[in-house]
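Here is what each chain is made of, one letter per residue.
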Amino acid sequence: MLSDIEIAQQAEMKPIAEIAKAIGIENSEIEPYGHYKAKISDELVNRVKDNKDGKLILVTAVNPTPAGEGKTTVSIGLGESLAKIGKKAVIALREPSLGPVFGIKGGAAGGGYSQVVPMEDINLHFTGDMHAITSANNLMCAILDNHIQQGNELQIDQRRILVKRCLDMNDRALRNIVCSLGGKLNGIPREDHFIITVASEVMAILCLSEDLFDLKRRLGNILVAYTYDNKPVYCKDIKADGAMTVLLKDAIKPNLVQTLENTPAIMHGGPFANIAHGCNSVRATKTALKLADYCVTEAGFGSDLGAEKFLDIKCRFANLKPSCIVLVSTVRSMKYNGGVPKTELIEENMEALEKGSVNLGAHIENLKKYGVPVVVAINHFYADTDKEIEFIKNYCEEKGADFAVTKCFAQGGDGGIELAEKVVAACEKESNFHCLYDLEMSVYDKIETIAREIYGADGVDYTKEAKKSIEEFIALGADKMPVCMAKTQYSLSDNPALLGKPSDFRITVSSVNLSNGAGFLVCQTGSIMTMPGLSKAPAAYRIDVDENGNTVGLF
């Protein structure tokens, strides 16, 4: 089979104006970036805002394993399959970060014959949104340091600066640095830090903002520092919010692209789900719902991370109500959770499959707590046996979830017809969506609820630093906000080595930050890094151009 990039380079793309026209968007309502991608204008967003909403379908997954589950591939394939059975569907996805592209995980444009294109553009610079977010965040940091240098009128304590510079790249050397060295003209020396762009509050704000003016309000509310007498300093206090908004004026507009089968896809925003809230923008999802009968969207990593945050944060803020949740798993992931090493996953092993099925079962049980119909999608791999598939089918039925096998990677839309039909049927069932916790609960009770109900923990422990931060943020009025848990994606617990369905463990909250502009508290557990590092042999080693100037090695 051809590589992902070879398949993408052979795609027969339609001009983006044709893709737009198919879902009722006029030429004047898009802003083209070349022939095959475009920004959706504010005029279109405003024109369709009173349209009836389509059905919202969330695609999530089990805890990721080294063999890969293919959640984005299934999301794209499902959108194509819905079109194949005559449904008007739009896919709403996140934008890739350059960190994983050049690191180890890869891009976020799908795979095989279920991809969004132009794949190279999407996985690299796309329409410049990541650069705009990076620039806006770093402008805020530059203005803050300049304020201190130019007399420090607000009496900002440089030991209590909360915002960090960012970069859309994995670079561990920038995690902890000392800046402003070299004398008085270069500023006041202090400890500083970099985070990856997709972990920044500016990214979260862009994805949760309803419009440009909501964006500006949220940017102004970013808690940037404290004064020497412990008073909070916000972004609007250092007068950075206006210029930041200007930098993001185009970035807030959703991007329109297409799949290999010319199904419309709106890609916008890209927060990670293990260190941020893991969902594409509210604007993208809402626009897709107004343009189609079915909107297929995804949330990052497993349901314990992206889906929980999609349901408890994004849906709560945007008043969204999913009609169906698709839970992606594989035979290989279940055997891996059952103790089989990666090198032996292609061999039939019913004992390991049964043992590892508890991980899938835990995710089904978690999702059913939100009152939404669940369909399990088994992403088919060539070595899967009929006996293994039959076991999973029966297991899902026992757990009260519908079930379908999808072969979208190898067959595109044709490979997901069964899944599409099951999803359409699920969307017609009654959905009694509700969030897991009430905002009136205490901060500690919210964290405890997620830890017990979603992770299966016995309880939560807090470091002294975390407790102190929570009490400070409660004093600032953050006690009614939802919580965004930063946790390893590899386990339901905060220990990546605990596979399957761990028991008899506690979650440790090591630190807590207030994303005041985004509107939630970020609780870090375990040893989650907000600035990843490159591996010993990063993907960047394989990426190059051939003698004809074509990109090679990009998946």
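In case you missed it, the structure is sitting above this.
All chains use their own residue numbering, which begins from 1 and follows the written sequence. Given that the model is predicted, a residue must reach a pLDDT of at least 70 before its local features are reported, and side-chain atom pairs must reach 80 or more before they are shown or counted; all residues, however, enter totals for whole chains, interfaces and linings. To get the side-chain values, take all heavy atoms of the structure and skip hydrogens and water.

Definition used for salt bridges: Asp or Glu carboxyl oxygen within 4 Å of a side-chain nitrogen of Lys or Arg. With the rule as written, the count across this model stands at 32 salt bridges. Ionic pairing is found between Asp414 and Lys84, a salt bridge with its closest N-O pair at 3.4 Å. Linking Asp414 in the loop between helix 16 (408-411) and helix 17 (417-427) with Lys84 in helix 4 (residues 71-84), this pair joins segments that are 330 residues apart in sequence. Of the residues examined, Asp414 reaches a relative accessible area of 48% and is grouped as partly exposed. For every residue, the accessible area obtained with a 1.4 Å probe (protein chains only) is divided by the maximum for its type, and the residue is called buried under 20%, exposed over 50%, and partly exposed between those limits. Lys84 gets classed as partly exposed once you look at its relative accessible area, which sits at 44%. Linked by salt bridges that have partners in common, Asp145, Arg165, Arg190 and Asp192 make up one network. A run of DSSP states H or I qualifies as a helix once it reaches four residues; a run of E qualifies as a strand once it reaches two. Both are numbered from the N-terminal end.

What follows deals with a nonpolar patch on the surface. Patch construction takes residues with relative accessible area above 30% that form no salt bridge. Like charges are linked within 9 Å, and nonpolar side chains (Val, Leu, Ile, Met, Phe, Trp, Tyr) are linked within 5 Å. All accessible areas in this document rest on Shrake-Rupley with a 1.4 Å probe, and a residue is counted as covered only by the protein chains that are shown. Residues Met1, Leu2, Tyr113 and Phe409 make up a contiguous nonpolar surface patch of roughly 380 Å² in combined accessible area. Classification of Leu2 as partly exposed rests on a relative accessible area of 35%.

On to the sheet that holds strand 22 (residues 507-515), then. For two strands to be treated as a pair, DSSP must find no fewer than two bridges joining them. A sheet is described by the order of its strands in space; here four strands give the open sequence 20-22-23-21, paired in mixed fashion. Either end of the sheet is taken by a strand with one partner, and the two such strands are strand 20 (460-462) and strand 21 (483-486). Shown here is a sheet whose adjacent strand axes are inclined to one another by a mean of 40 degrees, direction ignored. Across four bridges, the pairing between strand 21 and strand 23 (residues 520-525) is parallel. Its bridge partner being in strand 23, Ala486 is matched across the sheet by Gln524. The strands touched by helix 12 (residues 303-318) are strand 21 and strand 23; relative to strand 21, the strand with the most contacts, the crossing angle is about 160 degrees. Residue contacts are defined here by distance: any two heavy atoms, one from each residue, within 4.5 Å place the two residues in contact. Lines fitted to C-alpha atoms define the axes, with helix axes restricted to the stretch in contact, and inter-axis angles between N-to-C directions lie between 0 and 180 degrees. Contacts from helix 19 (residues 464-475) reach strand 20, strand 22 and strand 23, with the element oriented near 35 degrees to strand 22.

Quick look at unusual backbone geometry now. Cis rather than trans, the peptide bond between Val117 and Pro118 has omega equal to 5 degrees. Among the structural elements, Pro118 can be located in the loop between strand 6 (114-117) and helix 6 (119-123). Although it is not a glycine, Phe126 adopts a positive phi angle of roughly 50 degrees. Tracing the backbone through its elements, the reader meets Phe126 in the loop between helix 6 and helix 7 (129-149). The class for Phe126 is buried, based on a relative accessible area of 9%.

Before going further, it helps to examine the sheet that holds strand 12 (residues 223-227). Taken together, three strands build an open sheet; the order of strands is 7-12-13 and the sheet is antiparallel. Looking along the sheet, the strands with just one partner apiece sit at the ends: strand 7 (156-161) and strand 13 (232-234). Across this sheet, the average inter-strand angle for adjacent strands is 50 degrees, counted without regard to direction. The pairing of strand 12 with strand 13 spans three bridges and is classified as antiparallel. Counterpart to Ala225 in the pairing with strand 13 is Val233. On the sheet, helix 7 packs against strand 7 and strand 12 and is oriented at approximately 135 degrees with respect to strand 7.

So, about helix 9 (residues 212-220). Each α-helix turn comprises 3.6 residues. Residues three or four places apart therefore point the same way. Within helix 9 the residues assigned to the buried category are Asp214, Leu215, Arg218, Leu219 and Gly220. The inward-facing, buried residues of helix 9 contact helix 8 (201-208), strand 13 and helix 10 (241-247). Its side-chain oxygen 3.1 Å from the backbone nitrogen of Phe213, Asp211 forms the N-cap of helix 9. Polar contact is the term for a pair of N or O atoms within 3.5 Å; when the atoms are in protein, one must be able to donate a hydrogen and the other to accept it, and sequence-neighboring residues count only if both atoms are side-chain atoms.

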